[in-house]
Protein chains: 2
Amino acid sequence: MDERTKLEHARHTLAHLLASSVLTHYPDARPTIGPAIDNGFYYDFDFSHPISSDDLAVIEKTMRSILKTWTLVGSKTVSKEEALALFADNEFKKELICDIAEKGEAITIYTWGDFQDLCRGGHAENASQIDAGAFKLTHLAGAYWRGSEKNPMLTRIYGLAFATKAELDQYLHDQEEAKKRDHRKLGKELQLFALVDEVGAGLPLFYPKGALLRRLVENFIIEAQERRGYEPIWIPHITKKRLYEISGHLQKYDALYPPMELPDEDSYYIKPMNCPHFMMLYKENPHSYREMPVRWTCTTTNYRYEKSGELSGLTRVRALTQDDCHVFCLPSQIEQEVNLMLDMIDETYRAFHFDNFWVRISTHDPANKDNYIGNPDVWRTSEEALSRLIENRGWTHSTGVGEAAFYGPKLDFMAKDAIGREWQLSTIQLDMNLPERFELEYTADDNSKQRPVVIHRAILGSTERFLGVIIEHFAGAFPLWLSPVQVQVLPVGLTHTEACKQLADQLTAQSIRATVDDSSESVGKKIRNAEKMKVPYMLVIGDKEKDLKVLSVRKRGSKDTIESTREDFIRHATEKIVSRSHEL
Amino acid sequence: MDERTKLEHARHTLAHLLASSVLTHYPDARPTIGPAIDNGFYYDFDFSHPISSDDLAVIEKTMRSILKTWTLVGSKTVSKEEALALFADNEFKKELICDIAEKGEAITIYTWGDFQDLCRGGHAENASQIDAGAFKLTHLAGAYWRGSEKNPMLTRIYGLAFATKAELDQYLHDQEEAKKRDHRKLGKELQLFALVDEVGAGLPLFYPKGALLRRLVENFIIEAQERRGYEPIWIPHITKKRLYEISGHLQKYDALYPPMELPDEDSYYIKPMNCPHFMMLYKENPHSYREMPVRWTCTTTNYRYEKSGELSGLTRVRALTQDDCHVFCLPSQIEQEVNLMLDMIDETYRAFHFDNFWVRISTHDPANKDNYIGNPDVWRTSEEALSRLIENRGWTHSTGVGEAAFYGPKLDFMAKDAIGREWQLSTIQLDMNLPERFELEYTADDNSKQRPVVIHRAILGSTERFLGVIIEHFAGAFPLWLSPVQVQVLPVGLTHTEACKQLADQLTAQSIRATVDDSSESVGKKIRNAEKMKVPYMLVIGDKEKDLKVLSVRKRGSKDTIESTREDFIRHATEKIVSRSHEL
C-alpha cells in the first residue's frame, strides 16, 4: 500500500475513533457520516443539545485514550434487517442502510472494541499505525444532512491528521503563515486594491500602488513577448451574440454574464474569453504560409459570472485580465512555437521566484479515438513534441492520458509558492476546433487552402489571480523591481524635508521609485510605517546626511543602518532592479 | 453687416435662384423649402418625374444665366387667402402658409423677376453681391417633407456657395483631400483596424500596427501624466446598478447599454464613463488635506450605445477608450491643477502637431444663479481663474456665458487639422455635483470635514477618435515616432536577405522599429509597397550595401536615395524619434 492510501485509511479510522469518543461523552448523539478528507477527516453528528468548540479538547483527549487499546475486532456483512436493528434509534444510518440495500450492495459493519459503525471499509489495519500526536480536532461547523438545505442541520466536527506529528506541526505553522500572508489582508494594509459593494463582488478596484503592480507584472509579459516576435492586437470587451453562436460558446459556456438585450438588434455579451475575437480578426484578411506563424497577444479583461460563494479576493474574481496569446501556425510549427512559450514560462518563473513547479501533460485516450476531432497525425506528433520538450528541459511532469480536451492536447503548469501551496499558473492548449468552426485558412506553398492550428497560451493565468498569488508568495515584501515604492526617504526634522525632496527627485530621475514621508511623526514611527508598508529601502536624512553625499540606508526587515555614498546606493539599487534580484 | 451674415444671405438667395431655375425646366415641379446651410444651400422639390444628378449641370447653368439679371423686385405682406391663392397648386406651401397664419405671424412674399416665393427674408440685397463662379450644385438626395417618414419623399438638391470662387475651389480641394485622408480607407490600407459584422458596429478591432499606434498614443499620455504626479488606478468595466443610482446616471444618461439582468442579484451595467468608479474608490479611504490634490488617472474603455446611423469608423464608436483623469482637490487648488492640465495639453498638441487650436470657456449665467449648484464663491473664483489661465497663455478663446453645466464651468479645446477641419479634443470640467452625491470628504487643517472639488479631464478625448483624427491629420504618413514600422529594409536579391535581417536586428536593438521585406517582388515593387504603407525610411541593400557600412536611404515621398553610414543613419533616426519631429 502506498503512503498516500495508508494516510487516507488512517484518517478514515480517526473519523470512526471520533464517533466512538463522542458517544462516550454524548450517548444520545447520533453519528451519521464521517469520511477522510484532504489533510484530515470530519464526522457529522445529530446532537440532542448543541456542543461548542470548547468541548473539542475533551473529545480529542478521549480519542487519544481510546486509541491506546483501539483494535479492529472485525467486520461482517449483515442483512438489511440486522443492520436496521443495530441502528434502530438512528434515522440517518437507517436511511443509508436502505439506500445501500436498494442498490443491491453489501451492508458491512465494522467493530472496534465496543463501538461499531456502518462502513464500506478502508481503515488502518491496526491502531499502532496511527500516531497519537499527528491528529488534532480543529473546529465545528453546521452541515445539512446529505448536503441539502431541506434536511436537518447536523454538527460537523473537523480534524486534521498527518502521518507524523512533525507534518501536523508543519501544516499548522503553514496555516498560520498563510493567514499572515492572506492577500486580502495585505491588499488592504498595503493599499493595493479594494472590493466595493456598490460596484460588485469579484470586481476589484486598484489603488495607485496596486495599479502599478498590475502594470509591472503585465509589462513584464508584454516586453518578454515583444522580444520573441509576438504582436499585441486590441479587441473590444463586448460582442454581438452572433460571434458566440459561431464559436459555440453560447451553447456550452456557463459563466457568461447575461446578455444586454436590444429591441431591434442582436443582443450583446461581455466577453468571458478572447478566442472568438482573435479568430475573427485572423479571418478578416487572407494569410499566406510565408507569414506564419501569426503570434497575436492581448492583455485584456474578461468577465465571468462565477458563483458569489466561490469568489475570494483576487484569486477568484469575476473580472480577470488575461495575458492572452493565440498563435496561428502550420502543424509543422507546433514544436517550435510551444518551445518558444516554454522559454517564456522559464523566464517568467525565474523573475517571480517560482523555483518549484511541475507540468501536467494532458493527452488523448488512444482507446477512444472517436472522442477527438482533428488530424490523428497532428495529435500524435504534437503530443510527442510536448513530452519531448518538457523532458528535454528536465522539468518534473506527469502525463494524464485521456485528460486532453476533445480539440487538442494541453500543458498545465503548477507552481509551488514560498509556503508550499500549489497554484495553477500557465496553460498551453492546442486547438483544432476553433479554426474549423471559424473556417480559418492560410494559403500553402502549393497554393492550396489549409487550416492552421491554433495554440492558446496564458503565462500568468490572469493578472488578478497572479497578483493574489505573488502577494502571498512574497508575503507583501516584494523584490525591489516589483515594489510599488522602492525607497522611502525619511526626514529627521522639518529642516531636512527640502533635502529629502531633492534626493527623491534624484532617485526618480534614475528610475527608482522614491517618496518622502513628510508627516509630522517621529523618525521611529516613520521607520515603523515604512516597514509596515514593506518598503525595501529607508533613507533617514538628518543633519549628517543633509548634503546627500553619504546616506544612512536601512533595508526592509533589518535593524541596522548602513552608510553608503549616494552614487553607490543608486548603483546598488539599480543593479538589484535590473537583475530582478530577491535580495536587497 | 458682417461677412458671415452676408454669405448666409447669399446662400439663401441662391436657394431661391435654384428654385427659379428648376421651375424654368420643370414647370410642374413644386418647390417646398430651401434654406442656407453650412457651406451652401439646398432646396426640396416635389417633382412629377424623377430627375437625376445628370440634370444638375443644366439647372446650374440656367441659375447662372438668370443671375445676370436677377433683381429683387420687392416683398409684400399678404393675407392668408392671398397667399393660398398664389400657391393654389402647391400643397406644401399651403401647409406652411396655414402654419404661419395660425401662429399669427406675417406672411411675406418675395419677388425676383417673374419668380416669387414665400419667405421670411434674409437675402442678398442685389445679385451683384453673388459671385457666379462661387457656387456649384453638388448632388441630389431624398428627404421627407418636414423630416417625417410619414410624409411624402421629396427631392433635395444640394449646392455649395462661398464668397469667392477661390474659396469654393479651396473647399472642393479640401473635400478631395479629405477623401484621400479618410481614416476608414487608410485604416484598411495601412492594416490598422477592422470593423467586423459578427462583433458589432462601432466596435473596432485593431491589427498589430493599429494596436501599436494605440499604445504609442496612450503611453505618450501616461508618461506625460506620470512626470506631473498623476497616478494611474484600475477599475473594472462593469458595475452593479446601485453605483449609477447613486451617481444619478441611471436616470439621466441615455447612451447606456441595456443592463445584464440577474434573477437573484442587482443587475450589472457596462460602464459608459468612469467617474462613479473613481468616486467610490476615493470614498473607500479617509483623506486628509495634506494628501490633496489626489490626481488619479485611468486609460480604460467605455461603452456607449450610440445610434447605429451615427457611427463612423473610429471617430464615432461605441467602444471609446478614454485617457481619463479625476483630480480631487481643495477649492484653493483649482487654479494650480487646471494650469498643470493646460501644460499637458500644450505638450500634447505640440507632439501631435496640432498648432492651431482655440478654447471655448463655458461659464454660468449670472442672470440665472438658481440653475447652478455649489458655492457661488467657487464658481466666481474658478471661472476667473480659467479665463486668466487661458489669457496668460495667449490662446485664442471665446466665452460662452450660460453654457456651463449646472455643476461647474468647463474648457473645451477645438483643434484644426492639416486641412483646416476642426475637432473637439480635450475637455476640462469642474464638478461640484458628484462629490455631493457621493458625499466625498477630506479632513481640513482645522479637523473639520470638507467636500473636495472634482476636476474631470481628458486630453485626447478617446484613443479611438484621436487615432481617427490623426490618421486624417497626417494622411497616414505619421511622424517617425508614431510610425508603426519606422524602417523597411529591402533586399535587392535573395543573397542579401541575411544582411537585411542582421541590419533589422541592429536597428531593433537601438529601439528603431524595422522589418525586412523578404517577399519575392522586385526592388521597385518593394519600394512602391513601402510607400503605400507610408513607411518613413526604406533601406535598399544590394551588393554595395551588404556589409552594412554605408546604407542607401530613401525617405518616404522622395525619389532620391541618400548615402549614409549606418551609424549616422541610426543617430539621425533616433534624434528624429526622440524630438518627435515631423521631418524625416
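Remember, it's a predicted structure, so these values are computed and weren't measured experimentally.

About the cut-offs
Chains are numbered independently. Their residues run from 1 in the order of the written sequence. Here chains are named by letter from A upward and ligands by number from 1 upward, in the order in which they appear as written. Per-residue local features of the predicted model are confined to residues with pLDDT of at least 70, and side-chain atom pairs are confined, for both listing and counting, to 80 or more; whole-chain, interface and lining totals are unaffected and use all residues. Processing note: side-chain calculations cover all non-hydrogen atoms of the structure and skip hydrogens and water entirely. Note on definitions: angles span 0 to 180 degrees between N-to-C directions of axes, and those axes are lines fitted to C-alpha atoms, for helices only across the stretch in contact. The helix count covers DSSP runs of H or I at least four residues long, the strand count covers runs of E at least two residues long, and both are numbered beginning at the N terminus. Crossings are sorted by hand: turned counterclockwise from the far helix by less than a right angle, the near helix makes the crossing left-handed, and turned clockwise it makes it right-handed. Two residues qualify as a contact provided that any one of their heavy atoms is within 4.5 Å of a heavy atom in the partner residue. Under the grouping applied here, Gly and all other residues not named as nonpolar or charged are polar, the nonpolar ones being Ala, Val, Leu, Ile, Met, Phe, Trp, Tyr, Cys and Pro and the charged ones Asp, Glu, Lys and Arg. One speaks of a salt bridge when a side-chain nitrogen belonging to Lys or Arg is within 4 Å of a carboxyl oxygen belonging to Asp or Glu. Type-normalised accessible area, obtained with a 1.4 Å probe on protein chains alone, sets the label of each residue: buried when under 20%, exposed when over 50%, and partly exposed for intermediate values. Each of two parts loses accessible area, computed with a 1.4 Å probe, when they are put together; buried area is these two losses added. Whenever two N or O atoms come within 3.5 Å, that pair is a polar contact, provided that in protein one can donate a hydrogen and the other can accept it, and provided that, for residues adjacent in sequence, both atoms are side-chain atoms. As a per-residue quantity, pLDDT reports the predictor's confidence and falls between 0 and 100. In this analysis, strands are considered paired if DSSP registers two or more bridges between them. Every angle not falling under 35 degrees, over 145, or within 65 to 115 is termed oblique; those three ranges are roughly parallel, roughly antiparallel and roughly perpendicular. Classification of ring pairs uses Phe, Tyr and Trp, with its six-membered ring standing for Trp, and accepts pairs whose centres are within 6.5 Å; under 30 degrees between planes counts as stacked, over 60 as edge-to-face, and the remaining range as tilted. To sit over a ring, a charge needs its Lys NZ or Arg CZ within 6 Å of the ring centre and within 35 degrees of the ring normal. What a helix should span is 1.5 Å times the count of its residues minus one. Least squares is used to superpose the copies, and the fit set is the C-alpha atoms of residues whose pLDDT is at least 70 in both copies. Note: the arc covers the axis-to-C-beta directions of the helix.

A. Spotlight on the packing of helix α7 (residues 208-227) of chain A against helix α11 (residues 334-351) of chain A. Residue and element names in this part refer to chain A. For the pair α7 and α11, the least separation of the axes is 11 Å and the interaxial angle reads 145°. Note that α7 runs across α11; the crossing there is right-handed. Of the residues in α11, those touching α7 at Phe220, Ile221, Ala224, Gln225 and Arg227 are Met344, Glu347, Thr348 and Ala351. Taken together, the residues of the contact of α7 with α11 break down into 5 nonpolar, 2 polar and 2 charged.

B. Up close: the pattern of salt bridges. All names here are of chain A. Tallied over the entire structure, the rule returns 80 salt bridges over all chains. In this structure, Lys165 and Asp169 form a salt bridge, with 2.9 Å as the shortest nitrogen-oxygen distance. Residue Lys165 and its partner Asp169 are both found in helix α5 (residues 165-181); the two are separated by 4 residues, about one turn of the helix. What you see here is one network of salt bridges that share partners, running through Glu95, Asp99 and Arg146.

C. Expanded view of unusual backbone geometry. Cis geometry marks the peptide bond from Met292 of chain A to Pro293 of chain A; its omega dihedral reads 0°. Of note, Pro293 of chain A is situated in the loop between α10 (275-284) and β14 (294-303). Phi is positive for Lys534 of chain B, which is not a glycine, with a value near 55°. Summarising the element assignment, Lys534 of chain B is placed in the loop between α16 (523-532) and β25 (537-541). Since its relative accessible area comes to 24%, Lys534 of chain B is described here as partly exposed. The backbone phi angle of Leu548 of chain B is positive, close to 60°, even though this residue is not glycine.

D. Region of interest: the interface of chain A and chain B. In this assembly, 57 residues from chain A lie in contact with 58 residues from chain B. Note on chain A versus chain B: buried area summed over both sides is about 4800 Å², and carbon and sulfur give 64% of it. Inspection of the region where chain A meets chain B yields 4 salt bridges. In this structure, the salt-bridge partner of Arg318 of chain A is Glu265 of chain B, at a minimum N-O distance of 3.5 Å. Between chain A and chain B we count 21 residue pairs in polar contact (both at pLDDT 80 or more) in total. Considering every element that reaches the side of chain A that touches chain B, the biggest residue donor is α7 of chain A, with 6 residues. Among the residues making up the side of chain A that touches chain B, the classes are represented as 34 nonpolar, 8 polar and 15 charged.

E. Structural context of the confidence of the model for chain A. When pLDDT is averaged along chain A, the result is 94; 100% of the residues meet or exceed 70. At the level of chain-chain contacts, confidence expressed as ipTM amounts to 0.84, with global pTM at 0.84.

F. Representation of the sheet that holds strand β6 (residues 115-118) of chain A. Residues and elements named next belong to chain A. The strand order β4-β5-β6 describes an open sheet built from 3 strands, whose pairing is antiparallel. The two strands at the open ends of the sheet, each matched to only one other strand, are β4 (72-78) and β6. The sheet shows a mean angle of 20° between the axes of neighbouring strands, direction not considered. Both β4 and strand β5 (residues 107-112) contribute to a ladder of 6 bridges, which runs antiparallel. Each residue of the ladder has a partner; that of Val78, found in β5, is Ile107. Set on the sheet, helix α1 (residues 3-25) makes contact with β5 and β6; between it and β6 the angle comes to about 125°. Sitting on the sheet, helix α4 (residues 91-102) is in contact with β5 and β6, with an inclination near 50° to β6.

G. Focus on the pairing of β25 of chain B. All names here are of chain B. With 5 of its 5 residues buried, β25 lies for the most part within the structure. Of the two faces of β25, the one lined by Tyr537, Leu539 and Ile541 and the one lined by Met538 and Val540 are each fully buried. Where strand β23 (residues 487-491) and β25 come together, 5 bridges link them in parallel fashion. Looking at β25, one finds that Leu490 is bridged to Val540.

H. Up close: the packing of helix α7 (residues 208-227) of chain B against helix α14 (residues 463-473) of chain B. Residues and elements named next belong to chain B. Here α7 crosses α14 at 105°, and the two axes come no closer than 10 Å. By the angle between their axes, α7 is roughly perpendicular relative to α14. Listed contacts from α14 to Gly210, Leu213, Arg214, Val217 and Glu218 of α7 are Thr463, Glu464, Phe466, Leu467 and Ile470. Residues of the contact of α7 with α14, tallied by class, amount to 5 nonpolar, 2 polar and 3 charged.

I. Highlighting the packing of aromatic side chains. What the rule picks out here adds up to 63 aromatic pairs over all chains. Plain terms: the ring middles of Tyr349 of chain A and Phe354 of chain A are 6.4 Å apart, the flat faces sit at 70° to each other, and that makes the pair edge-to-face. Residues Tyr349 of chain A and Phe354 of chain A agree in their burial class; the two are buried. Relative to Tyr158 of chain B, the ring of Tyr42 of chain B has its centre 5.7 Å away and its plane inclined at 65°; by these criteria the two rings are edge-to-face. Placement of the pair is Tyr42 of chain B in strand β3 (residues 40-46) and Tyr158 of chain B in strand β8 (residues 153-161), with a sequence separation of 116 residues. Ring pairs connect the aromatic residues Phe220, Tyr349, Phe352, Phe354, Phe357, Trp395, Phe413, Phe466 and Trp481 of chain A, which therefore count as one cluster. The aromatic ring of Phe135 of chain B is capped on one face by Arg64 of chain B, whose charged end is 4.6 Å from the ring centroid. When the ring centre of Trp481 of chain B is taken as reference, the NZ or CZ atom of Arg580 of chain B above it lies at 4.9 Å.

J. Focus on the pairing of strand β18 (residues 410-416) of chain A. Residues and elements named next belong to chain A. The buried count for β18 comes to 5 of 7 residues, which makes it a mostly enclosed element. Here strand β16 (residues 357-363) pairs with β18 via 6 bridges, running antiparallel. By the bridge assignment for β18, Phe357 is matched with Ala415. Two elements, β18 and strand β19 (residues 422-431), share 6 bridges in a ladder whose sense is antiparallel. Counterpart to Lys416 in the pairing with β19 is Glu422. Between β18 and β19, which pair antiparallel and follow one another directly, the connecting turn spans 5 residues, one of which, Gly420, has a positive phi of 85°.

K. View of α7 of chain B. In this model, α7 of chain B (20 residues) spans 28 Å end to end at C-alpha, consistent with the 28 Å of a helix rising 1.5 Å per residue. Gly229 of chain B sits one or two positions beyond α7 of chain B and adopts a positive phi of about 85°.

L. How the structure looks around the sheet that holds strand β17 (residues 397-401) of chain A. The mixed open sheet is built from 8 strands, whose spatial order is β11-β14-β15-β22-β19-β18-β16-β17 (chain A). Sheet topology places β11 (231-232) and β17 of chain A at the edges, where each strand pairs with a single neighbour.

M. Main features of the relation of the copies chain A and chain B. Expressed as a screw operation, the relation of chain A to chain B combines 0.1 Å of axial shift with a rotation of 180°, fitting to an RMSD of 0.3 Å. Interpreted geometrically, this transformation is the action of a two-fold axis. Residue Met260 of chain A of chain A places its C-alpha closer to the rotation axis than any other residue of that unit, at 2.6 Å. Here 100% of the interface residues in chain A have copies in chain B that are interface residues too; the copies meet face to matching face.

N. Main features of the side chain of Thr463 of chain B. All names here are of chain B. Its place among the elements puts Thr463 in helix α14. Using a relative accessible area of 1% as the deciding quantity, one classes Thr463 as buried. Here Glu218 takes part through its side chain, which lies 2.8 Å from a polar atom of the side chain of Thr463. For Thr463, the contacting residues outside a window of four places in its chain are Arg214, Glu218 and Thr321.

O. How the structure looks around helix α2 (residues 56-67) of chain A. Residues and elements named next belong to chain A. Its 12 residues place the ends of α2 16 Å apart at the C-alpha level, agreeing with the 16 Å of an ideal helix rising 1.5 Å per residue. Among all positions in α2, only Leu56, Ile59, Glu60, Thr62, Met63, Ile66 and Leu67 are buried. Considered in projection along α2, the buried side chains sweep an arc of 160° and stay on one side of the axis. Of the exposed residues in α2, the ones pointing more than 90 degrees away from its buried face are Ala57 and Lys61. Contacts from the buried residues of α2 go to α1, β3 (40-46), β7 (135-144) and β8 (153-161).

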